[in-house]
Amino acid sequence: MIDKLELRIPFKDDLVIFSPDRSSGVLPSFDRYILNDGLETKSIRSSDESGGIISTYETHSYESLASSYSGVAFCISSKGNGGYPFPHVMLKSSPAKILQGHNVFGSENPKTGFLEMIAILLDKYPTVFNDLDIMNSELMQIDCTYHSRFETQHLAEQCIKALSTTSNGQIKGRGNYETSVYWNSAGGNYSKSGSHIVRVAYLKLPEVLKEIEELKKIKDKKNFSNLDPEFKKRTLIRLDSLNSVKDYCIGMVRFEGRIKARKLRDCGIPTNMVKFIKYCSDRKESTIQDLWHLAFDKIFEAFEGLTIMKTDDKTILETIDSKLITVSSTGRINRRRAAAARGFYFELKSMGYDFVKRNTAPRTFYDRFNSLLECGLNKAFIQSIENNSENVVPLIREISINFGTQAPSSYKEPSLRVAAGMDVFTGSFIDNKPPIHNLRLV
């Protein structure tokens, strides 16, 4: 699926003041966007020769353009930057989030995401939109994401721990955390990594649960009923959307390739967004899957030899406590049997069944052995806890990326929302139909 699109859209040439050699350009003023669209900007002020204060430069900071669900990051650069010294707009978003409220699963079609993003811009800032050269929108980065599913969340966590040691040639694992691993990126700050592909593996469940918790805090605020109605609506819709997919995230490890424009060009793939969409539609193969393979095939080669532990100590200890901690009729909590069983379990793990049996009084040994049986551990497992070969499995055997089962069987790709009912000339161009030069609501 496409997890993120990052676009750079230039302003039309007739609005730009170019340098004599046309090596750079500047947008002379934000005034029409401030007056017509309500755009908010900041002025950079300095002192002139007489000591007076003058406004020398206006800037626009990133803001979020609201959609039915999530937002689109938006910023105007009035004189470009070192890599592109011309005025332009930057748009960044997860197509899945703005179309369906979550990015647990989504589409491989770049067209719907692109049209929805520019329609959201049109809805918020129509004057800005009409001054942009939409047909020359440039794809600066695309995130291609697919997941592997493990039997339990514990195994997914073990996978991340194992991956933190993985590298292959110049592809180095960096910025590792409890729930994620980055390759060729220092702590996720891949903008400064110099790499044209950044690879990330991460647990999806903690991310979704964190978002749900944040939305619940907003919902539970005392002044929630007094907030903007549209904001309240989006909050509740997004909360419902995330709650509906949180269980689907259990045991999920996502592998995300963040591919920049330079790499696309090196592979002969057009970065003009309209041409990129046509390129994807003309190919029989999935371009998004091919880009993912470009990012991860070498990493997967390095998985050979890595192992993970299938035993989940945390779950076993929680089961021991739930089975063996008792409460008397007077409310007194008795943890004696649970504490003894816990200690016995770790003795077996560290010293082995035979050693513990030889060095423990028979009555004590069998009392504690039966306590573990009472907690649901089978006899064969208890006798081989120390060197249980079935408990150590190759990581490569557990990781399976099935491109055909990346979403529930009932999943239907989302339709355009903000862009629905709009006469989008870019869509006509993409389909090789005569262009309609005015984008309007119908």
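Being a predicted model, the structure only gives us computed values, none of them experimental. (Residues numbered from 1 in each chain as written. Predicted model: local features only at pLDDT ≥ 70, side-chain atom pairs only at ≥ 80, totals over all residues. Heavy atoms only, no water.)

1. Observations concerning helix α7 (residues 229-245)
Our working definition: Strands here mean DSSP runs of E at least two residues long; helices mean DSSP runs of H or I at least four residues long; both are numbered from the N terminus. Expected span, for any helix, means 1.5 Å times one less than how many residues it has. Burial classification: accessible surface area is computed with a 1.4 Å probe over protein chains only, and a residue below 20% of its type maximum counts as buried, one above 50% as exposed, and the rest as partly exposed. What the arc measures is the spread of directions leading from the helix axis to the C-beta atoms. The contact criterion used throughout is that any non-hydrogen atoms of two residues lie within 4.5 Å. Nitrogen and oxygen atoms within 3.5 Å of one another constitute a polar contact, given that in protein one can donate a hydrogen and the other can accept it, and given that sequence-neighbouring residues count only through two side-chain atoms.
Taking 1.5 Å per residue, 17 residues should reach 24 Å; α7 reaches 25 Å between its end C-alpha atoms and fits that length. Regarding α7, the residues found buried are Arg234, Thr235, Arg238, Leu239, Ser241, Leu242 and Val245. Summarising the axial view, the buried residues of α7 lie within an arc of 165 degrees, below the 170-degree limit, and thus occupy one face. For α7, exposure combined with an orientation more than 90 degrees from the buried face picks out Pro229, Asp240 and Ser244. Close packing links the buried residues of α7 with β6 (63-66), α2 (95-100) and α6 (204-219). Near the N-terminus of α7, the side chain that reaches the backbone nitrogen of Glu230, with its oxygen 3.2 Å away, is that of Asp228.

2. So, the side chain of Thr112
Residue position: Thr112 is located in helix α3 (residues 110-124). For Thr112, the side chain forms a polar contact with the main-chain oxygen of Asn109, separated by 3.3 Å. If we skip the residues at most four places from it in the chain, Thr112 touches Leu99 and Leu416.

3. Overview of the side chain of Glu256
Tracing the backbone shows Glu256 in strand β13 (residues 252-260). Residue Glu256 is classed as buried on the basis of its relative accessible area, which comes to 2%. Only 3.2 Å separates the side chain of Glu256 from the side chain of Tyr202, close enough to count as a polar contact. What Glu256 contacts, discounting residues up to four positions off in sequence, is Asp3, Asp143, Cys144, Thr145, Val198, Arg199, Val200, Tyr202 and Phe296.

4. Considerations on the pairing of β6
Along any regular strand, the residues point their side chains to alternate faces of the sheet. We count it as follows: Any two strands between which DSSP finds at least two bridges are classified as paired.
Where β6 lies against strand β7 (residues 71-77), four bridges are found, and the strand directions are antiparallel. When the sheet's bridge partners are listed, Ser64 is paired in β7 with Ala73. Here β6 hands over to β7 after four residues, the two strands then running antiparallel side by side.

5. Focus: the packing of helix α12 (residues 336-351) against helix α14 (residues 362-374)
For clarity, the threshold we go by: Axis geometry follows a simple rule: fit a line to the C-alpha atoms, using only the stretch in contact for helices, then measure angles between N-to-C directions, giving values from 0 to 180 degrees. Orientation is classified from the angle alone, with under 35 degrees giving roughly parallel, over 145 giving roughly antiparallel, 65 to 115 giving roughly perpendicular, and any other angle giving oblique. Only Asp, Glu, Lys and Arg are considered charged in this grouping, and only Ala, Val, Leu, Ile, Met, Phe, Trp, Tyr, Cys and Pro are considered nonpolar; every other residue, Gly among them, is considered polar.
Between α12 and α14, whose axes approach to 9 Å, the crossing angle comes to 95 degrees. Classed by the angle they form, the pair α12 and α14 counts as roughly perpendicular. Every residue of α14 that contacts α12 at Arg337, Ala340, Ala341, Phe344, Tyr345, Glu347 and Leu348 is listed here: Phe365, Arg368, Phe369, Ser371, Leu372 and Glu374. Here the contact of α12 with α14 is built from residues that sort into eight nonpolar, one polar and four charged.

6. Remarks on the environment of Glu151
Among the structural elements, Glu151 can be located in the loop between β9 (138-149) and α5 (153-163). When the C-alpha positions of Glu151 and Ile250 are compared, they lie 8.5 Å apart, and in sequence the two are 99 residues distant.

7. Side note on the packing of aromatic side chains
Where we set the bar: Only Phe, Tyr and Trp rings take part, Trp by its six-membered ring, and two of them pair if their centres are within 6.5 Å. Stacked means planes under 30 degrees apart, edge-to-face means over 60, and tilted covers everything else. Lysine and arginine charges are scored as sitting over a ring when NZ or CZ, respectively, is within 6 Å of the ring centre and within 35 degrees of the ring normal.
Summed over all chains, the structure comprises 21 aromatic pairs. For the ring pair Phe365 and Tyr366, a centre distance of 5.1 Å and an interplane angle of 90 degrees mean the geometry is edge-to-face. The ring of Tyr84 is capped by Arg8, whose NZ or CZ atom sits 3.7 Å from the centre of that ring. Looking at Arg22, its charged tip hangs above the ring of Phe18, at a distance of 3.9 Å from the centre.

8. Let's talk about the nonpolar core
Which entries qualify depends on this criterion: By convention a nonpolar core is built from buried Ala, Val, Leu, Ile, Met, Phe, Trp, Tyr and Cys residues, the set being connected through side-chain atoms within 4.5 Å.
The biggest cluster of nonpolar side chains holds 67 residues, and the ones touching the most others in it are Phe74, Val89, Leu91, Leu121, Ile142 and Phe255. Here this core takes eight residues from α3, the largest share from any one element. Residues within four places of Phe74 in sequence aside, it is in contact with Leu39, His60, Ser61, Tyr62, Glu63, Leu65, Val89, Met90, Leu91, Leu121, Tyr125 and Val128.

9. Digging into the pattern of salt bridges
Side chains that differ in sign of charge can pair as their charged atoms come close. Threshold: A pair is scored as a salt bridge if a Lys or Arg side-chain nitrogen falls within 4 Å of a carboxyl oxygen belonging to Asp or Glu.
Across all of its chains, the model carries 15 salt bridges by this definition. With a closest N to O distance of 3.7 Å, Glu138 and Arg265 form a salt bridge. Here Glu138 is found in strand β9, whereas its partner Arg265 is found in helix α8 (residues 261-266), with 127 residues between them in sequence. Classification of Glu138 by relative accessible area gives buried; the value is 16%. By relative accessible area, which is 46% here, Arg265 ends up partly exposed. The residue Glu256 makes a salt bridge to Arg258 at a minimum N-O spacing of 2.7 Å. It is possible to trace a salt-bridge network through shared partners that takes in Asp143, Glu256 and Arg258.

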